[in-house]
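A closer look at the structure
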Amino acid sequence: MRYGGNTTCVEVRCGRDIIILDAGTGLRKLGIALLDEFKRRPLNLSLLLSHTHWDHIQGLPFFAPIYESRCRLRILGCEGARKSLVTALTGQMESTYFPVPFSRLPSNIEIEELKDFSFTIGPVLVRALRANHPGVTVGYRLFSPDGIICFFPDTEPRQGGDDREMLDFIRDADVLILDSQYDRAEYQTHTGWGHGCLDESVALALRAGVKKLVLFHHDPDHDDKKIDAFVKYARKLVTKARAKMKIEAAREGMVLKLGGL
Ligand SMILES: [Zn+2]
Ligand SMILES: [Zn+2]
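What this report covers is the structure whose coordinates are included nearby.

The rules we used
- Within any chain, residue numbers begin from 1 and follow the written order of that chain's sequence.
- Lettering of chains starts at A and numbering of ligands starts at 1, both following the order in which they are written.
- For this predicted model, a pLDDT threshold of at least 70 governs which residues receive local features, and a threshold of 80 or more governs which side-chain atom pairs are given and counted, while totals over whole chains, interfaces and linings are taken from all residues.
- Side-chain numbers come from the whole structure's heavy atoms, not from hydrogens or water.
- Any two strands with at least two DSSP-identified bridges between them are counted as paired.
- Counting from the N terminus, the helices are DSSP H or I runs at least four residues long and the strands are E runs at least two residues long.
- Convention adopted: a line fitted to C-alpha atoms gives each axis, helices being fitted over their contacting stretch, and angles between N-to-C directions are expressed from 0 to 180 degrees.
- The contact criterion used is simple: two residues touch if any of their non-hydrogen atoms lie within 4.5 Å.
- The rule is simple: take the accessible area with a 1.4 Å probe, protein chains only, and divide by the maximum for that residue type; under 20% is buried, over 50% is exposed, in between is partly exposed.
- Atoms of type N, O and S within 2.8 Å of a metal are treated as its donors, and for Na, K and Ca the window is 3.2 Å; water is not considered, so some sites may appear to be missing partners.
- Sites are called tetrahedral only when four donors show all angles between 85 and 135 degrees, square planar or octahedral only when four or six donors show opposite pairs over 155 degrees and all other angles between 65 and 115, and irregular in any remaining case.
- Polar contacts, as counted here, are pairs of nitrogen or oxygen atoms within 3.5 Å of one another; within protein the pair requires one atom able to donate a hydrogen and one able to accept it, and residues that are adjacent in sequence qualify only if both atoms are side-chain atoms.

1. Quick notes on the sheet that holds strand β7 (residues 124-130)
Pairing is mixed across the open sheet formed by seven strands, whose spatial order is β6-β7-β8-β9-β10-β11-β12. Taken across any chain shown, the strands that pair with only one partner, and hence form the sheet edges, are β6 (118-121) and β12 (246-249). Neighbour to neighbour, the strand axes of the sheet diverge by 20° on average, direction disregarded. This element, helix α7 (residues 224-240), spans β11 (212-216) and β12 of the sheet and lies at about 170° to β12.

Right under this line is the structure:
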């Protein structure tokens, strides 16, 4: 209840640019907040998708700004594992699943498949890297004038943080939002599922010199007490390594200010 039960959705603000990372069920509340803040003013939004698994796209039909003609939404992501990105996103709004078809939305929505793994959104340079997760999944690195955010909601870090390409990609990030779904015991029965073991996530972030690690993609069966224990355990690992990396578990409504960590 304290950490929240919605699925992946992170908002990044850089000057006037608004970048949304993933469209999980958390997107519904974000939509209400954005309309409340912008009132009648136009809304220009960019949405970066890590992949098209349900928990990362299901908020889209419930995102209030797409029902407003003053909203422009640019969606970028990789193709669905078997279908195009357009088919994967619009398919969930077909009449079998949802009353309003995608084609009837009054907002201006552009869906683009990532061809180039390096691009810009306003002043933010974005790079993408394939994650270790079933299907076509990526993580993002956002270079803003205020700092670097890396976002890997779904990935299975390799044992001991030993992954050269990933290490280079997340190196020196100010904030790393990383899949840390399982503890060591749970991981034994979920190896190869594409989600992180807390020990491996901390090891990877430590090796990469990350300043703040945000534990992410909480297991639906974990409660606040369990996630509190994850944070405590992860902080112990950092102390043991004589490092200074900060640890927090993602929670709904949490705000991080780059430059003021
Ligand atoms: Zn997934
Ligand atoms: Zn997921």
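Still more to cover.
2. Overview of the environment of Leu 34
As for its placement among the helices and strands, Leu 34 is situated in helix α1 (residues 27-38). Judged by its relative accessible area of 1%, Leu 34 is buried. Separated by 30 residues in the primary sequence, Leu 34 and Ala 64 have C-alpha atoms spaced 8.9 Å apart. Those residues within four positions of Leu 34 in sequence are excluded, and the remaining contacts are Glu 11, Arg 13, Ile 18, Leu 43, Leu 45 and Phe 63.

3. Digging into the environment of Arg 207
By secondary structure assignment, the location of Arg 207 is in helix α6 (residues 198-207). A relative accessible area of 42% means that Arg 207 is categorised as partly exposed. Measuring from C-alpha to C-alpha, the distance between Arg 207 and Ile 170 comes to 9.8 Å, with 37 residues separating the pair along the chain.

4. Here's the deal with the sheet that holds strand β5 (residues 108-113)
The strand order across the open sheet built from five strands is β1-β2-β3-β4-β5, with neighbouring strands paired in mixed fashion. Every other strand in the sheet has two partners, leaving β1 (10-14) and β5 as the edge strands with one partner each. Geometrically, the sheet is characterised by an average inter-axis angle of 20° between neighbouring strands, direction not taken into account. Pairing geometry for strand β2 (residues 17-21) and strand β3 (residues 43-48), over four bridges, is parallel. Bridge pairing in β3 places Ile 19 opposite Ser 46.

5. Remarks on the coordination of the zinc ion (ligand 1)
Taken together, the protein donors to the zinc ion (ligand 1) comprise His 51 (NE2), His 53 (ND1), His 133 (NE2) and Asp 154 (OD), at separations of 2.1 to 2.6 Å. Its four donor atoms give the zinc ion (ligand 1) angles of 89 to 174° at the centre, a pattern that matches the irregular case. In the primary sequence, the donor residues of the zinc ion (ligand 1) line up as H-x1-H-x79-H-x20-D. Classification of His 53 by relative accessible area gives partly exposed; the value is 32%.

6. A short note on the side chain of Thr 137
You can see Thr 137 is positioned in the loop between β7 and β8 (138-144). A polar side-chain atom of Thr 137 sits 3.3 Å from the main-chain carbonyl oxygen of Pro 134. Apart from the residues within four sequence positions on either side, Thr 137 is in contact with Ser 50, His 51, Leu 129, Arg 130, Ala 131 and Asp 154.

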